[in-house]
Amino acid sequence: MSELLTVAKIGKTIGLRGALKLHNKSDFISQFKKNAKFFLSDGTMLEILSYNSTSSQVIFKDYESIELASNLVNKFLYQSIEATRKNCKLKKDEYFYFDIIGLEVVENGETLGKVVDILEVGANFLFEIKTDEKLVSQGFTKNFFVPYIDEYLDKISIQAKQIFTKNAKLILKES
């Protein structure tokens, strides 16, 4: 499952025709549409017959009864990174989580650490940074958070696998 991303959790059945509540776990609700294909953890492929974005109800091919659909309750849907890149279009200065996690955080030529998680806090995001061991050995905290705003982020380079920051070391010092 390392090359697959969790995109949704399948919830309870609704009605008798196999409809299920779909709990989106991604930023791309547009990927849930007729004929879209996803995977379960055991490798089973599911194809969407219909999806109602207003109510988040989905019906999968070959699961068009409450009895069959109930077998899918509480399972997770997965999508490949390749399909995600193809089907989910990013706007300028938008990135996939899987491209950001693992990037090195650098400020004025000094490595501060690596991004280990991204947290949504209200309308904003925080990058959780695992502090570089060299800095930890100097007494700095093992983890700190950098807001995803212009005051702290200078540039993100997916190609260089680095995030260039400004003022982030001040956050680390105060952590």
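Residues numbered from 1 in each chain as written. Predicted model: local features only at pLDDT ≥ 70, side-chain atom pairs only at ≥ 80, totals over all residues. Heavy atoms only, no water.

The strand order across the open sheet built from 6 strands is β10-β9-β8-β7-β12-β11, with neighbouring strands paired in mixed fashion. Each having just a single partner strand, β10 (143-147) and β11 (153-157) make up the two edges of the open sheet. Ignoring strand direction, the axes of neighbouring strands in this sheet form an average angle of 35°. When strand β7 (residues 104-107) meets strand β8 (residues 110-121), the two strands line up antiparallel, connected through 4 bridges. Bridge assignment links E104 to a residue of β8, and that residue is K114. (Pairing = 2+ DSSP bridges. Helix = DSSP H or I, 4+ residues; strand = E, 2+ residues; numbered from the N terminus. Axes fitted to C-alpha atoms, helices over the stretch in contact; angles between N-to-C directions.)

Now for the pattern of salt bridges. Here the structure, examined in full by the defined rule, presents 3 salt bridges. As a salt-bridge pair, D99 and R85 come within 2.7 Å of each other at their nearest N and O atoms. Of this pair, D99 sits in helix α3 (residues 97-100) while R85 sits in helix α2 (residues 81-87), placing them 14 residues apart in sequence. For D99, a relative accessible area of 15% corresponds to the buried category. Taking relative accessible area as the criterion, R85 reaches 42% and is therefore assigned partly exposed. Between K169 and E110 there is a salt bridge; the shortest N-O distance is 2.8 Å. Of this pair, K169 sits in helix α5 (residues 168-174) while E110 sits in strand β8, and the two are 59 residues apart along the sequence. Exposure remark for K169: the relative accessible area of 18% places this residue in the buried category. (Salt bridge = Lys/Arg side-chain N within 4 Å of Asp/Glu carboxyl O. Buried < 20%, exposed > 50% of the residue type's maximum accessible area, 1.4 Å probe, protein only.)

Here we take up the domain arrangement of the protein. Each domain of the protein was delimited in the assignment, giving domain 1 (4-87) and domain 2 (97-174). Taken over C-alpha atoms, the centre of domain 1 sits 34 Å from the centre of domain 2. With 5 residues of domain 1 at the contact, the number on the domain 2 side is 4 residues. Across the domain 1/domain 2 interface, buried area totals approximately 340 Å², and carbon plus sulfur atoms make up 59% of it. Run the count over domain 1 and domain 2 and you get 1 salt bridge. In this assembly, domain 1 and domain 2 are joined by 1 residue pair in polar contact (both at pLDDT 80 or more). In terms of residue count, the dominant contributor to the side of domain 1 that touches domain 2 is α2 (3 residues). Tallied by class, residues from the side of domain 1 that touches domain 2 come to 2 nonpolar, 1 polar and 2 charged. (Domains from an automatic or database assignment. Contact = heavy atoms within 4.5 Å. Buried area = accessible area lost by both parts, 1.4 Å probe. Polar contact = N/O pair within 3.5 Å; in protein donor to acceptor, adjacent residues only side chain to side chain. Nonpolar A, V, L, I, M, F, W, Y, C, P; charged D, E, K, R; others polar.)

Here we take up the packing of aromatic side chains. Tallied over the full model, the rule gives 5 aromatic pairs. Ring geometry for F32 and Y51: centres 5.8 Å apart, planes at 45°, overall tilted. Remark: Y51 occurs in strand β4 (residues 45-52) and F32 occurs in the loop between β2 (19-24) and β3 (37-39); sequence separation between them is 19 residues. On the basis of relative accessible area, F32 is assigned to the buried category, the value being 4%. A ring pair is formed by Y97 and F125, whose centres lie 6.4 Å apart and whose planes are at 85°; its orientation type is edge-to-face. On the criterion of sequence distance, the pair formed by Y97 in helix α3 and F125 in strand β9 (residues 124-131) is long-range, its members being 28 residues apart. Aromatic ring contacts, followed pair by pair, group F32, F38 and Y51 into a single cluster. (Phe/Tyr/Trp six-rings, centres within 6.5 Å; stacked < 30°, edge-to-face > 60°.)

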